[in-house]
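Inside the fold
Spelled out from the first residue to the last, the chains are:
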Amino acid sequence: MMPDRPILRITNLHKSYGDNEVLRGIDLSVAAGEVVVIIGPSGSGKSSLLSCINFLEPFDAGEIVFDGKPVGYGPAGGAVRVRLADAEANMLRRDLGMVFQQFNLFPHLTVLQNIMEAPIHVRGMAPAQARTLAMQLLEKVGLSAKADAFPRSLSGGQQQRIAIARALAMTPKLMLFDEVTSALDPELKGEVLRVMRNLADDGMTMLVVTHELGFAREVADRVVFMEAGKVIETGPPDDMFNRARNERTQRFLSASANY
Ligand code: ADP
Ligand code: MG
């Protein structure tokens, strides 16, 4: 699918940590309903890119527009660059789901309470409605039986599925995933990837950083290969995996054996 109506549009994004420039002019768009998978070696700037999208990190130049609104700095397309108030970033994050390698569930809350927390406290949803929503989401991730369990009693794969349900409870317009299966044993990865695949099938818009090339191949509408802070090549999975044009993409894919 072509990004004709992008929910996310990143233009010439530059970011440095000190004098280490980690994003060197990134251009990337994601259309509504699209699943874009970012692959690339460790240190290429994938996590930094996601951190800029939800403005957990400031950036130095370029523009990010999410759902028609500029991220971090305004006005969009303006010659003058003014840092927006923190309230703007908080508004933005309401519509962005983010799931990390570490699950970051609230340890003192049950599974159900973890999922109900943001809808109630951020969106002002009535508790009864939030509970119904949370139960629906637990069903979606296959964990209805764990509603009253505490996170520490769950496996890593189960905790990550709860973290996904928690993010979905805010009905995000875009879900960001940063290596969400990297900390999991191989047999637990599959259950998390299955949930992500179902989400994609449901039409969720997703930007996924992963080393799971099988997932990229089967689920992505578009694969993006990053190296050293740049997008080296992007295309449909079939082209990227079978006919990569760039020699560095080819080298990365052939070095990443099992997909
Ligand atoms: P990836 O997710 O692709 O592995 P990262 O975005 O985490 O890459 O890192 C890109 C570069 O930025 C690396 O050189 C890393 O050391 C550096 N980096 C990441 N986060 C920070 C930080 N908070 N402070 C300083 N340097 C950082
Ligand atoms: Mg990373």
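Our subject in this report is the structure included herewith. (Residues numbered from 1 in each chain as written. Chains lettered and ligands numbered in written order. Predicted model: local features only at pLDDT ≥ 70, side-chain atom pairs only at ≥ 80, totals over all residues. Heavy atoms only, no water.)

1. Some thoughts on the side chain of E34
If you trace the backbone, E34 turns up in the loop between strand 2 (20-31) and strand 3 (35-39). Exposure remark for E34: the relative accessible area of 0% places this residue in the buried category. Engagement of the side chain of E34 in a polar contact is seen with the side chain of R222, the distance being 2.8 Å. (Helix = DSSP H or I, 4+ residues; strand = E, 2+ residues; numbered from the N terminus. Buried < 20%, exposed > 50% of the residue type's maximum accessible area, 1.4 Å probe, protein only. Polar contact = N/O pair within 3.5 Å; in protein donor to acceptor, adjacent residues only side chain to side chain.)

2. Overview of the pattern of salt bridges
As a working rule, side chains carrying opposite charge can pair if their charged atoms are close by. Counted under the stated rule, the structure contains 15 salt bridges. Across the salt bridge formed by K173 and D67, the nearest N and O atoms sit 2.7 Å from each other. Linking K173 in the loop between helix 5 (156-168) and strand 9 (174-178) with D67 in the loop between strand 4 (61-66) and strand 5 (69-70), this pair joins segments that are 106 residues apart in sequence. Residue classification places K173 among the partly exposed residues on the basis of a relative accessible area of 36%. Taking the relative accessible area as the measure of exposure, D67 reaches 24% and is therefore partly exposed. Among the salt bridges present, the one from K189 reaches E212, with a minimum N-O distance of 3.5 Å. (Salt bridge = Lys/Arg side-chain N within 4 Å of Asp/Glu carboxyl O.)

3. Considering the packing of aromatic side chains
The description of an aromatic ring pair uses the distance of the two centres, along with the angle that the planes make with each other. Considering all chains together, one arrives at 4 aromatic pairs under this definition. Arranged with centres 5.4 Å apart and planes meeting at 90°, the rings of F55 and Y73 form a pair that is edge-to-face. A residue pair is termed long-range when its members are at least 10 positions apart, and F55 in the loop between helix 1 (46-53) and strand 4 and Y73 in strand 6 (residues 73-74) qualify at 18 residues. With respect to class, F55 is no different from Y73; both count as buried. Between F59 and Y73, the aromatic rings sit 4.8 Å apart at their centres with planes inclined by 75°, giving edge-to-face as the arrangement. Of this pair, F59 sits in the loop between helix 1 and strand 4 while Y73 sits in strand 6, and the two are 14 residues apart along the sequence. Connected via pairs of aromatic rings, a cluster forms that spans F55, F59 and Y73. (Phe/Tyr/Trp six-rings, centres within 6.5 Å; stacked < 30°, edge-to-face > 60°.)

4. Remarks on the side chain of K46
Tracing the backbone shows K46 in helix 1. Despite its burial, K46 pairs with no opposite charge; the closest candidate is E179, at 4.4 Å N-O. Looking at K46, its side chain comes within polar contact range of the main-chain oxygen of G40, at 3.0 Å. Contacts of K46, omitting those with residues within four sequence positions, involve I38, I39, G40, P41, E179, V209, H211 and M226. (Lys, Arg positive; Asp, Glu negative; His and termini not counted. Contact = heavy atoms within 4.5 Å.)

5. Notes on the pairing of strand 11 (residues 222-227)
Among the 6 residues that make up strand 11, 6 are buried, leaving the element largely enclosed by the rest of the structure. Alternating positions in strand 11 separate into two faces, R222, V224 and M226 on one and V223, F225 and E227 on the other, with burial throughout. As paired strands, strand 3 and strand 11 are joined by 4 bridges and run parallel to one another. Bridge pairing links V36 to R222 in strand 11. Of the pairings in the sheet, the one linking strand 11 to strand 12 (residues 230-235) comprises 5 bridges and is antiparallel in character. Among the inter-strand pairings, V223 is bridged to a residue of strand 12, identified as G235. The hairpin formed by strand 11 and strand 12 contains 2 residues between the paired strands, and A228 there has a positive phi angle of roughly 50°. (Pairing = 2+ DSSP bridges.)

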